[in-house]
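Now for the letters of each chain:
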Amino acid sequence: MSVLSGKKILLGVTAGIAAYKTAFLVRLFIKAGAQVKVIMTPAAKEFVTPLTLSTLSKNEVVSSFTKEEDHGNQWNNHVELGLWADYMIIAPATANTLSKMAGGHSDNFLMATYLSAKCPVFFAPAMDLDMYKHPSTKENFAKLISFGNVMIPATSGELASGLTGEGRMAEPEDIVAFIEDHLIKDLPLYNKKVLITAGPTYEAIDPVRFIGNHSSGKMGFELAAAAHDAGADVILISGPTHLEKPRERIKLVRVQSAREMFEAATKAFPEVDIAIASAAVSDYRPKISADQKIKKTGETMQLELVKNPDILAALGEAKKDQLLVGFALETENEEENAAGKLKRKNLDFIVLNSLNDKGAGFKSNTNKIKILFRNGAGKNFDLKTKKEVAADILNEIIILSNA
Ligand code: PMT
């Protein structure tokens, strides 16, 4: 999922030949999951039609202070549009518009909205090479950057004049990638690596049967999505589940048994900043896993079990600067048991969920948790969706990693 998903983008189109490319730009923003509204300068309408951009953005395109269809009797509210936007992007930004932005001139609807907008502003210049090089243009770039606006540099290539040089507006794909990269850097877990274990483990009895549990992986997969959306590089190590990778950029390692999960988690752990163990790991496995299907013979059958490695305890032992979070799924003496695991496994905090709480634990889309911290403090949360629970847990991690 793109960082632009769910964001409101105000696209300002000015009068350069590159305006025709804004049709693609609007499509890419919509594909990334953003809502788009377009403002055009009156002259920009010569280069691309408002009909094209309103059809693609599924919103009315505004280019003047009054609504023409109401014979100019109704006002277009630039302040409202400026406040609506999460991000404003001016592309193409002509030399003329850049100069007005730098000088604070409010002689058209786009400029009035630019001056009213409180959100981050990006601008993608487009002009001929000598205009791009001109000292006054360079001064305007520097001034706008000093205002906190973000420049998406033009590229070199053939220009509308027939000359070749710097001044071509960045391609729509590159504009979107530039903005996404820029926004990712502002996310709270940017540059952090997060390891998450999820799902059950299956411990083979024979080629057909196994010891497992009811974990669906939902809690762990929501945690992975939330960590990814907070800007982290995520490695998700999951036992058997039908769930798909929640985000393209997440590295998903699928395992079967506790020992496989142990191998993968202990290998990844030295490289990560944060680890969250939400997997329901089988504590025991059959001592012998039969090569062939075990035949039904006697009235009873005995299985000898041996202990599996405790993955989280091993991470707790290896822990250096990492922030380590565990889960405790309890059915009795919940807090006491969870507090014991918090200490024994050397965790920063533990997320307690109890099967005594309706809607908590395995399989459901909801969970109810209490977080217990090392200093003995606790925080209760209401019954929420696992997506919201994941956001709550990530929030505590972000607070601790900034402390
Ligand atoms: O997958 P879902 O259907 O969404 O369900 C989510 C969940 C109920 C599985 C999840 O919220 C949860 O509680 N996960 C931990 C379940 C569990 O095994 O708890 P535990 O109390 O037995 O283990 C304590 C901690 O040690 C856990 O972080 C566990 O991952 C870890 N552990 C346990 C045993 C072991 N051999 N290795 C481990 O790493």
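The structure this text deals with has already been given above.
Nothing here was measured: the structure is a model prediction, and the numbers come from that model.

### Focus on the site of the ligand
Consideration 1: In the region of the ligand, 27 residues are neighbours, and S215, S216, A279, K341 and N353 sit closest.
Consideration 2: Separating an oxygen atom of the ligand from a backbone N or O atom of K218 is a distance of 3.3 Å.
Consideration 3: When the ligand is considered free in solution it has 770 Å² of accessible area, and contact with the protein chains removes 95% of it.
Consideration 4: For the shell around the ligand, the secondary-structure elements that each account for two or more residues are α9 (218-229), α11 (311-318) and β16 (323-330).
Consideration 5: Examining the composition of the shell around the ligand, we find that four residues originate from one element, β16, more than from any other.
Consideration 6: Looking at side-chain class alone, the shell around the ligand contains 12 nonpolar, eight polar and seven charged residues.

### A short note on the sheet that holds strand β19 (residues 369-373)
Consideration 1: With mixed pairing, the eight strands of this open sheet are ordered in space as β12-β11-β8-β13-β16-β17-β19-β20. Two strands lie at the open edges of the sheet, namely β12 (251-254) and β20 (378-380), each paired on one side alone. Strand-to-strand twist across the sheet, computed as the mean angle between neighbouring axes with direction ignored, equals 15°.
Consideration 2: As judged from the four bridges shared by strand β8 (residues 193-198) and strand β13 (residues 274-277), these two strands associate in the parallel manner.

### Points about the sheet that holds strand β1 (residues 8-13)
Consideration 1: An order of β2-β1-β3-β4-β5 is seen for the five strands of this open sheet, with the pairing classed as parallel. The outermost strands of the open sheet, each flanked by one partner alone, are β2 (35-40) and β5 (150-151).
Consideration 2: Across six bridges, β1 lies against β2 in parallel orientation. Among the inter-strand pairings, V13 is bridged to a residue of β2, identified as M40.
Consideration 3: Along the sheet, helix α8 (residues 172-184) makes contact with β3 (87-93), β4 (121-125) and β5, crossing β4 at roughly 150°.

### A closer look at the packing of aromatic side chains
Consideration 1: A complete count under the given rule lists six aromatic pairs for this structure.
Consideration 2: Through successive ring pairs, a cluster of aromatic residues spans F123, Y132 and F141.
Consideration 3: Positioned above the aromatic ring of W84, the side-chain terminus of K37 is 4.5 Å from the ring centre.

### Quick notes on the pattern of salt bridges
Consideration 1: A complete count under the given rule lists 14 salt bridges for this structure.
Consideration 2: Of the charged contacts, one joins R247 and D229 as a salt bridge, the two residues approaching to 2.8 Å between their closest N and O atoms. Remark: D229 occurs in helix α9 and R247 occurs in the loop between β11 (233-238) and β12; sequence separation between them is 18 residues.
Consideration 3: According to the relative accessible area criterion, R247 is buried, its value standing at 12%.
Consideration 4: According to the relative accessible area criterion, D229 is partly exposed, its value standing at 28%.
Consideration 5: The partner of D348 in a salt bridge is K319, with the nearest N and O atoms 3.0 Å apart.

Definitions and limits used
Residues numbered from 1 in each chain as written. Predicted model: local features only at pLDDT ≥ 70, side-chain atom pairs only at ≥ 80, totals over all residues. Heavy atoms only, no water. Near = heavy atom within 4 Å. Polar contact = N/O pair within 3.5 Å; in protein donor to acceptor, adjacent residues only side chain to side chain. Areas by Shrake-Rupley, 256 points an atom, 1.4 Å probe, with all protein chains shown as cover. Helix = DSSP H or I, 4+ residues; strand = E, 2+ residues; numbered from the N terminus. Nonpolar A, V, L, I, M, F, W, Y, C, P; charged D, E, K, R; others polar. Pairing = 2+ DSSP bridges. Axes fitted to C-alpha atoms, helices over the stretch in contact; angles between N-to-C directions. Contact = heavy atoms within 4.5 Å. Phe/Tyr/Trp six-rings, centres within 6.5 Å; stacked < 30°, edge-to-face > 60°. Lys NZ or Arg CZ within 6 Å of the ring centre and 35° of its normal. Salt bridge = Lys/Arg side-chain N within 4 Å of Asp/Glu carboxyl O. Buried < 20%, exposed > 50% of the residue type's maximum accessible area, 1.4 Å probe, protein only.

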